[in-house]
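Tertiary structure, described
So the chains spell out like this:
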Amino acid sequence: MSDTIPQINEEQLNAFGVRLFSLFGEHKTDRKAAEERWLQNMRQFRGIYDPEVLALIPSDCSKAYPKLTRKVVIGTTARLMQMLFPQTEKNYGVKTTSLPSLSTEQLQEVLDKLVTAKAEAQQIPLEQVKCTDEEIEKAILAYAKGRAERMELKVDDDLTEMEYITLARKVVFSAVLYNVGLLTGPYNKKIAARTWKKNPFTGKYEAFEVTKFKPLYEFGSLWGHYPDMTAKTLDQQDGAFDRHIMTR
């Protein structure tokens, strides 16, 4: 491994910074029209008149604002959460295809287990075991189903730990109120996980910790997100900016 310290080209770095600053200015300007709509929606939700409307109301007249929008937004959010994330059943599942594809290592594991099982059942040497294509395909399907079930348990555990229902509620509420909901990710976080291993010398199972990375998603505030408003789809965007307030 080389110990050479990389040299930073200050001229190229400054040019890159100028380009990003200019691009952010374009994104910020292009988002102005959307911001006006978001502000109108927020005022309507909170029961506040727009400034131009408030200026037309005489000082001696009532400025009460019926908060009907708030009731509709909260009700719509609750209804959507009930439909998208029902409490009585899961809204997703992990299943195999009719003809699952395995890696070379996985396929070899399936073949070894199948041959060993048939050899033990027939009490014959491994070299004399014969397997039909139907038996092999059946063993592959069983192996894939087992992997899918374990994957679904893993997904359940990850989603529960990240409190994805709470995240989804925030995204849905933002989508109902502003017509935009952001869920950012996937990120990952380092955790200490438990596992076990059999000691080849003592024959005992020993528990120890390993470092793993868990998936992580976060709710993104649309007020701090500056997308490329000239793009028609997400994959056509020329990048996007997110505002992060750094602590001291």
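It should be emphasised that the depicted structure is a prediction, and the values quoted were computed from it without experimental measurement.

1. A short note on the overall build of the protein chain
- Counting secondary structure elements, the protein chain contains 7 helices and 4 strands.
- Along the protein chain, helices (α) and strands (β) appear in the sequence α-α-α-α-α-α-α-β-β-β-β when read from the amino end.
- The principal-axis extents of the C-alpha atoms in the protein chain amount to approximately 100 × 60 × 40 Å.
- When the 248 residues of the protein chain are sorted by exposure, 21% land in the buried category.
- Of the accessible surface of the protein chain, which amounts to about 19,700 Å², a share of 56% is contributed by carbon and sulfur atoms.
- Computing the positive centroid from 35 side-chain charges and the negative centroid from 34, the protein chain places the two 7 Å apart.

2. A word on unusual backbone geometry
- A cis amide bond links glycine 185 to the next residue, proline 186, at an omega of 0°.
- Within the secondary structure, proline 186 is located in strand E1 (residues 182-198).
- Although it is not a glycine, glutamate 163 sits at a positive phi angle of roughly 55°.
- Note that glutamate 163 resides in the loop between helix H6 (133-161) and helix H7 (164-178).
- You can call glutamate 163 exposed: its relative accessible area is 52%.
- The phi angle at asparagine 179 is positive, at roughly 75°, despite the residue not being glycine.
- Within the secondary structure, asparagine 179 sits in the loop between H7 and E1.
- Asparagine 179 gets classed as exposed once you look at its relative accessible area, which sits at 68%.

3. Here's the deal with the side chain of asparagine 199
- When you line up the elements, asparagine 199 lands in the loop between E1 and strand E2 (205-220).
- A residue is classified by how much of its surface remains accessible, and asparagine 199, at 17% relative accessible area, is buried.
- Of the polar contacts made by the side chain of asparagine 199, one reaches the side chain of glutamate 206; its length is 2.8 Å.
- Ignoring sequence-local partners within four residues, the contact set of asparagine 199 consists of Lys204 and Glu206.

Quick notes on the rules
Residues numbered from 1 in each chain as written. Predicted model: local features only at pLDDT ≥ 70, side-chain atom pairs only at ≥ 80, totals over all residues. Heavy atoms only, no water. Helix = DSSP H or I, 4+ residues; strand = E, 2+ residues; numbered from the N terminus. Buried < 20%, exposed > 50% of the residue type's maximum accessible area, 1.4 Å probe, protein only. Areas by Shrake-Rupley, 256 points an atom, 1.4 Å probe, with all protein chains shown as cover. Lys, Arg positive; Asp, Glu negative; His and termini not counted. Charge placed at Lys NZ, Arg CZ, Asp CG, Glu CD. Polar contact = N/O pair within 3.5 Å; in protein donor to acceptor, adjacent residues only side chain to side chain. Contact = heavy atoms within 4.5 Å.

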